[in-house]
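# Structure at a glance
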Amino acid sequence: MIDVKPDILVWARETAGLELDEAARKLGFTDSKRSTASQKLHLLESGEKHPTRPQLYKMSKTYHQPLIAFYLPMPPRDGDYGEDFRSAASREFDRKGEARLRLLMRNVKASQNIMRNLLEEEGEAQTMSFVNSANVAMGADNLAEAIVKTLGFDRRTFREQKTVGDAFAFLRERIERLGIFVLLQSDLGSHHTTIPVEVFRGFVFADDLAPYIVINRNDAVSAWAFTALHELAHLWLGNSGISGAWGDADIERFCDRVAATVLLPPVELRKLPPLRAATLYEAAAAIGDFATPRNISRSMVAYNLAQADKITWTQWRALRDRFAEDWAKQKEVETTRSREREGGPSYYVVRRFHLGTRLIGMARYFVSGGELTPSKAGVVLGVNAAKVYTLLYPERSGA
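To keep things clear, this report deals only with the structure shown in the data block.

Calculation notes
- Counting of residues starts from 1 at the beginning of each chain's written sequence and follows it residue by residue.
- Side-chain atom pairs in this predicted model are given and counted only at pLDDT of 80 or more, local residue features only at pLDDT of at least 70, and totals for whole chains, interfaces and linings cover all residues.
- The side-chain quantities take in all heavy atoms of the structure and omit both hydrogens and water.
- In DSSP terms, a helix is any run of H or I states spanning at least four residues, a strand is any run of E spanning at least two, and both are numbered starting from the N terminus.
- To get the radius of gyration, use the C-alpha atoms; to get the globule rule, take the number of residues to the power 0.38 and multiply by 2.2 Å.
- Using a 1.4 Å probe on the protein chains alone, a residue whose accessible area is under 20% of its type maximum counts as buried, one over 50% counts as exposed, and one in between counts as partly exposed.
- The contact rule is simple, with two residues in contact once any of their heavy atoms fall within 4.5 Å.
- We call Phe, Tyr and Trp rings a pair once their centres come within 6.5 Å, taking the six-membered ring for Trp, and we label the pair stacked below 30 degrees between planes, edge-to-face above 60, and tilted otherwise.
- In this scheme, Lys NZ or Arg CZ marks a charge over a ring once it lies within 6 Å of the ring centre and within 35 degrees of the ring normal.
- Each axis is a line fitted through C-alpha atoms, taken for helices only over the stretch in contact, and angles between the N-to-C directions span 0 to 180 degrees.
- The labels follow the angle: roughly parallel below 35 degrees, roughly antiparallel above 145, roughly perpendicular from 65 to 115, and oblique for the rest.
- If you view the pair so one helix is near and one far, a crossing is left-handed when the near helix is turned anticlockwise from the far one by less than a right angle, and right-handed when it is turned clockwise.
- The residue classification treats Ala, Val, Leu, Ile, Met, Phe, Trp, Tyr, Cys and Pro as nonpolar and Asp, Glu, Lys and Arg as charged. All others, Gly included, are polar.
- In the sections that follow, a salt bridge refers to a side-chain nitrogen of Lys or Arg positioned within 4 Å of a carboxyl oxygen of Asp or Glu.
- Think of a nonpolar core as a cluster: buried Ala, Val, Leu, Ile, Met, Phe, Trp, Tyr and Cys residues, connected wherever their side-chain atoms sit within 4.5 Å.
- In protein, a polar contact requires one atom able to donate a hydrogen and another able to accept it; more generally it is a pair of N or O atoms within 3.5 Å, and residues adjacent in sequence count only if both atoms are side-chain atoms.
- Following DSSP output, two strands are said to pair if at least two bridges run between them.
- Any helix carries an expected span of 1.5 Å times its number of residues minus one.

## Concerning the overall build of the protein
Scanning the protein for helices and strands turns up 19 helices and five strands. Relative to its length of 399 residues, the protein is compact, with a C-alpha radius of gyration of 23 Å against a globular reference of 21 Å. For the protein, the C-alpha atoms occupy an extent of roughly 70 × 55 × 50 Å along the three principal directions. By the burial criterion, 48% of the 399 residues in the protein qualify as buried. Excluding contacts between residues fewer than 6 apart, the proportion of contacts in the protein whose partners are at least 24 apart in sequence is 71%.

## Re the packing of aromatic side chains
Here the structure, examined in full by the defined rule, presents 14 aromatic pairs. Here the aromatic rings of Phe200 and Phe203 are separated by 5.7 Å at their centres, their planes lie at 45 degrees, and the arrangement is tilted. Classification of Phe203 by relative accessible area gives buried; the value is 0%. Positioned over the ring face of Phe353 is Arg172, at 5.4 Å from the centre of the ring. Geometry around Tyr393 places Arg396 over its ring, the cationic atom sitting 4.1 Å from the centre.

## With respect to the packing of helix H7 (residues 140-151) against helix H11 (residues 250-263)
Packing of H7 against H11 brings their axes to within 8 Å, and their N-to-C directions diverge by 55 degrees. One element, H7, and the other, H11, form an angle in the oblique class. Taken as a pair, H7 and H11 cross one another with a handedness that is right-handed. Contact residues: Ala140, Asp141, Leu143, Ala144, Ile147 and Val148 in H7; Phe254, Arg257, Val258, Thr261 and Val262 in H11. Tallied by class, the residues present in the contact of H7 with H11 amount to eight nonpolar, one polar and two charged.

## Structural notes on the pattern of salt bridges
One pass over the full model with this rule turns up 22 salt bridges. The closest approach of N and O atoms between Glu22 and Lys96, which form a salt bridge, is 2.5 Å. Of the two residues, Glu22 is situated in helix H2 (residues 20-26) and Lys96 in helix H6 (residues 95-122); the sequence distance between them amounts to 74 residues. In this structure Lys96 comes out as partly exposed when scored by relative accessible area, which is 23%. Close ionic contact of Arg102 with Asp84 constitutes a salt bridge, the shortest N to O distance being 3.8 Å. In this pair, Arg102 sits in helix H6 while Asp84 sits in strand E1 (residues 83-84), placing the two residues 18 residues apart along the sequence. Several salt bridges converge on common partners, so that one network encompasses Asp84, Arg86, Glu98 and Arg102.

## Side note on the nonpolar core
Core analysis: the largest hydrophobic core is formed by 62 residues, its most contacted members being Leu232 and Val301. In this structure, Phe203, Ala210, Val367 and Leu392 belong to the second largest nonpolar core, which totals 40 residues.

## Considerations on the side chain of Thr261
Tracing the backbone shows Thr261 in helix H11. When its relative accessible area of 16% is taken as the criterion, Thr261 is described as buried. Among the polar contacts listed, one links the side chain of Thr261 to the backbone oxygen of Arg257, at a separation of 2.7 Å. Non-local contacts of Thr261, meaning those with residues more than four positions away in its chain, are made with Asp141, Ala144, Arg155 and Pro266.

## Considering the sheet that holds strand E3 (residues 202-205)
Strand order in this open sheet of five strands is E1-E5-E3-E4-E2, and the pairing throughout is mixed. Only two strands of the sheet have a single neighbouring strand rather than two, namely E1 and strand E2 (181-184).

## What to know about helix H12 (residues 280-291)
The end-to-end C-alpha separation of H12 is 16 Å, in line with the 16 Å expected for 12 residues at 1.5 Å each. If you check which residues of H12 are buried, you get Ala283, Ala284, Ala286, Ile287, Gly288, Phe290 and Ala291.

## A closer look at the environment of Gly378
You can see Gly378 is positioned in helix H17 (residues 374-381). With a relative accessible area of 6%, Gly378 lands in the buried category. C-alpha separation for the pair Gly378 and Asp80, spaced 298 residues apart in sequence, amounts to 22 Å. The residues touching Gly378, leaving out its near neighbours within four places in the chain, are Val383 and Val388.

## Section: the packing of H6 against helix H16 (residues 357-368)
Across the interface, H6 lies against H16 with an axial gap of 12 Å and an inter-helix angle of 55 degrees. On the basis of the axis angle, H6 is oblique to H16. Note that H6 runs across H16; the crossing there is left-handed. Residue-level inspection shows Ser111, Met115, Leu118, Leu119 and Glu122 of H6 in contact with H16, the latter providing Arg358, Leu359, Met362, Ala363, Tyr365 and Phe366. Classifying every residue of the contact of H6 with H16 gives eight nonpolar, one polar and two charged.

## Looking at the pairing of E3
Alternating positions in E3 separate into two faces, Gly202 and Val204 on one and Phe203 and Phe205 on the other, with burial throughout. Direction of pairing for E3 relative to strand E4 (residues 212-215): antiparallel, over a ladder of four bridges. Bridge pairing in E4 places Val204 opposite Ile213. Joining the antiparallel neighbours E3 and E4 is a turn of six residues. Looking at chain direction, E3 and strand E5 (residues 241-243) are connected through three bridges and run antiparallel.

Just distances and angles here, no functional claims.
This is the structure:
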């Protein structure tokens, strides 16, 4: 008999954002003459029946919880993930996506805790003095200047990159060189657990030894650099938390201005023609012609124009929706082409890119030195322990 508290089963299911009938189906329960699949799961959650070990293993996988969590005496409290900077609409957009976001943040927090402990034990890691070194009173322009100086960021080099993806890679390398972990994450390990960009755009765990920035990779690639800089501004302010798209909180608007100033000095907006009287098509075309050679997001340019009163906020919302539709269509085309193509990058190549050079490199260093076991490395990297060596040592497996 497995001694599992019924409240734990309810907590695990609800944390995964699953209703009773949906969870029952995913767990493999089926209807019978005596009871439905949902009723069978309810019997376990009410304590009238006890789960078998195979059922617990299935729940662990389905609910994205470690097996040991089912033996806790009571449901745990939510972790300390910092502030929620998103608008109310973002928080209420998708209940299932919100539950998955919390699980993703829990997993990233576990990775950060392990990495921080390893760096502390190493004794040679330097704390990052720029974390929590700024405040809003210094102004967005001054903070942007401090970030550019610390990064050694060159705007011309950023814009000279062939694609927006290359431009982001250039910025990411500058950020990771400071010791910051930059991850591209949007699910819990499979496309079945995707978290839409409407739920979150990015989040940051501020720390002076192992700071983590996470960007929702479902967003347009052209937006990744802006999000990275937005979260970097939060890091300079010492704020851990979740950000949505174009938040309405004062702190979010401040971080937006910082990120935008790094990528696009306000004076450059003067190069755009007057757009307040332009049609949606004319405004979108002009903004596209302006943004593309600079490797920046069209939505960011439109947002800056609205902030500068160069277009109306009604125009901004229409342009934002137009650009979002364009991105969705482009993504659908790319997905179709990817399915039609044979081959393509392997799981391990893609995973390394999503995790970033900094995290892969540090995990490899500590695994090689024996300080990090494969099981703990799996937690750090968000993969099964059996995949750790192939992920970290492609030269040995060719993956």
